[in-house]
Amino acid sequence: MRYEKSCGAIIYRTINGEIEYLLLRSARKDKFWGFAKGHMEGKETEEETCRREVLEETGIKINIQHDFRVGDRYKAAEDIDKEVVFFLGNAGDQNVIIQEEEIMDYSWCNYDDAMDLLTYESSKGMLEKAHSFLKEM
């Protein structure tokens with residue numbers, strides 16, 4: 001059994017008092033909508049992986065909310081156990097520059113539209129937690 005770990009961010013910005021979330025559409029064959037993430041490399045910390053992957057996939061340098069962290073564990077394949085960790089990352093007013101080898105499209109969405117667009121139920125659950133966290137700040 002192999003273990004893999006990926007880290008990423010639920011990226012958000014606030015425009016005119018409205019929270020928007022950045023969703024990415026994978027360029028892989030399943031073309032799912034989700035959040036920026038990728039595999040940990042070397043001796044990186046979770047936050048270092050998160051920052052690197054977000055920058056690579058979106059061109060954005062995020063500010064991480066250090067008191068928010070969600071994750072999920074699942075079987076990625078018969079012989080692979082996968083763990084995914086997401087932080088909450090504020091994008092401010094930066095422009096998105098997608099990594100075209102990995103990402104085919106992106107969209108800034110309000111909460112309801114993001115929930116409709118996300119492909120996986122686990123992602124919707126994590127967005128729900130992130131949105132509740134931000135509303136309480």
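Presented here is an overview of the structure given in this document. If you're wondering where the values come from, they're calculated on a predicted model, not measured in any experiment. (Residues numbered from 1 in each chain as written. Predicted model: local features only at pLDDT ≥ 70, side-chain atom pairs only at ≥ 80, totals over all residues. Heavy atoms only, no water.)

Considering the overall build of the protein chain
Scanning the protein chain from terminus to terminus reveals three helices and seven strands. For the protein chain, the N- to C-terminal ordering of α and β elements is β-β-β-β-α-β-β-β-α-α. Taken over the C-alpha trace, the protein chain has a radius of gyration of 14 Å; the compact-globule value for 137 residues is 14 Å, and the two agree within 12%. Considering only C-alpha atoms, the protein chain reaches an extent of 50 × 30 × 25 Å along its principal axes. Residue burial in the protein chain is summarised as follows: out of 137 residues, 47% are buried. Here the analysis covers contacts within the protein chain between residues at least 6 apart in sequence; of these, 68% occur between residues at least 24 apart. Counting only carbon and sulfur atoms, one obtains 44% of the accessible surface of the protein chain, whose full area is about 7800 Å². Looking at charge distribution, the protein chain has the averaged site of its 19 positive side-chain charges lying 4 Å from that of its 29 negative ones. (Helix = DSSP H or I, 4+ residues; strand = E, 2+ residues; numbered from the N terminus. Rg over C-alpha atoms; globule rule 2.2 N^0.38 Å. Buried < 20%, exposed > 50% of the residue type's maximum accessible area, 1.4 Å probe, protein only. Contact = heavy atoms within 4.5 Å. Areas by Shrake-Rupley, 256 points an atom, 1.4 Å probe, with all protein chains shown as cover. Lys, Arg positive; Asp, Glu negative; His and termini not counted. Charge placed at Lys NZ, Arg CZ, Asp CG, Glu CD.)

Description of the side chain of Gln-65
Following the sequence through the fold, Gln-65 ends up in strand E5 (residues 63-77). Here Gln-65 falls in the buried class, since its relative accessible area comes to 16%. Setting aside its immediate chain neighbours within four residues, Gln-65 contacts Tyr-12, Leu-88, Phe-133 and Met-137.

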